[in-house]
Amino acid sequence: MGEQLALGLPPREDFSAASFVDGEANAAARWALAGWRAWPGRVLVLYGPPGTGKTHLAHMWAAESGALILPGDELSSRLDNLPAERAIVVENADRSADRTALFHLLNRTQSEALPALLMTGREAPARWQTDIPDLRSRLLAIPTAALEEPDDALLARLLTKLFADRQSPLVDGLIAYLLPRMERSVEGARRLVEALDREALARRTPINRGVARRVLGEQDSGEET
């Protein structure tokens, strides 16, 4: 693989269960989603930092439950036309969902008009902003599942997947080289892989330590591969 060059391909969007990277940081969330038929009030909020897998897990859950996925900013316009027989996913509910529409959706779920409701956000619902007192009390009572930033083992598997999604060739040992030097977050890993791929493409080379040093801004010496 060391002779292959970067292709500059966009990452493939794959929200299948087979492509999800399991780890301790998302184990509790996966367990909570698997038990969706027993959610108190048929509602759960899945929250965590950007890039930790909320959208991927939401799509996996939707595939299992038959749920309709809605961006938060579409909730208000589509509220009156939601299918009664389907579960619902509201993505980015904390940042973009209309609060009045969200309150009505929770009421509908509580009255058993919806099979289940999954909402995603960056923060726990107790921290969502609203000036509707009854919505505030509902948010405080909703069960939650948190996604955490990854440990080394999960980061290594994530980097492997991100490079594979871009079909980016890299030399042996590169991921071990990156782990102690990179930003310790999923979003940081995504940005790093994109930057490495771009640098390797510009230089028409596999992604090696020389490319990594340039992207990371390091000055240490050593072999390019």
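Data block above holds the structure.
Rules and cut-offs
- Each chain carries its own residue numbering, running from 1 in the direction its sequence is written.
- Residues qualify for local features only when their pLDDT is at least 70, as the model is predicted, and side-chain atom pairs are given and counted only at 80 or more; totals for whole chains, interfaces and linings, by contrast, use all residues.
- Computation of side-chain values: all heavy atoms of the structure, hydrogens and water removed.
- Helix numbers and strand numbers start at the N terminus; a helix is a DSSP run of H or I with at least 4 residues, a strand a run of E with at least 2.
- To estimate the expected span of a helix, subtract one from its residue number and multiply by 1.5 Å.
- Between buried and exposed lies partly exposed: a residue is buried under 20% and exposed over 50% of the maximum accessible area for its type, with that area taken using a 1.4 Å probe on protein chains only.
- Whether two residues are in contact is decided by their heavy atoms: any pair within 4.5 Å suffices.
- We call two N or O atoms a polar contact when they sit within 3.5 Å, provided that within protein one can donate a hydrogen and the other can accept it, with sequence-adjacent residues counted only if both atoms are side-chain atoms.
- For two strands to count as paired, DSSP must find a minimum of two bridges between them.
- Fitted lines through C-alpha atoms serve as axes, helices being fitted only where they are in contact, and the angles separating the N-to-C directions of these axes extend from 0 to 180 degrees.
- Basic side-chain nitrogens of Lys or Arg form a salt bridge, by our definition, when they fall within 4 Å of a carboxyl oxygen of Asp or Glu.

## Description of unusual backbone geometry
Even without a glycine there, the phi angle at Asn92 is positive, about 55°. Checked against the element boundaries, Asn92 lands in the loop between β3 (88–91) and α4 (93–96). Of note, the phi angle at Gln167 is positive, near 55°, even though the residue is not glycine.

## Quick notes on helix α9 (residues 186–203)
Taking 1.5 Å of rise per residue, the 18 residues of α9 would be expected to cover 26 Å, and the 26 Å separating its terminal C-alpha atoms lies within 8% of that figure. For α9, the set of buried residues is Val186, Gly188, Ala189, Leu192, Val193, Ala195, Leu196, Asp197, Glu199 and Ala200. For α9, the elements touching its buried residues are α7 (152–165), α8 (174–178) and α10 (209–216). Between a side-chain oxygen at the N-terminus of α9 and the backbone nitrogen of Gly188 the separation is 2.8 Å; the capping residue is Ser185. Directly after α9, the chain includes Arg204, whose backbone phi takes a positive value near 55°.

## Considerations on the sheet that holds strand β4 (residues 117–121)
Pairing is parallel in the open sheet, where five strands are placed in the order β2-β3-β4-β1-β5. Strands at the two margins of the open sheet, each flanked by one partner only, are β2 (68–71) and β5 (144–146). When the angles between neighbouring strand axes are averaged without regard to direction, this sheet yields 20°. Judged from the three bridges that link them, strand β1 (residues 43–47) and β5 form a sheet pairing that is parallel. Residue Leu46 lies in a different strand from β5, and its bridge partner there is Ala145. The strands touched by helix α5 (residues 99–110) within the sheet are β1, β3 and β4, with β4 carrying the most contacts at an inclination of about 145°.

## A word on the pattern of salt bridges
In the structure shown here, the tally under the stated rule is eleven salt bridges. For Glu74, the salt bridge goes to Arg78, with nearest N and O atoms at 3.2 Å. Across the salt bridge formed by Asp197 and Arg166, the nearest N and O atoms sit 3.7 Å from each other. With a gap of 31 residues between them, Asp197 in helix α9 and Arg166 in the loop between α7 and α8 connect regions that are remote in the sequence. One exposure class covers both Asp197 and Arg166, and it is buried. Through salt bridges that share partners, Glu199, Arg203 and Arg214 make up one connected network.

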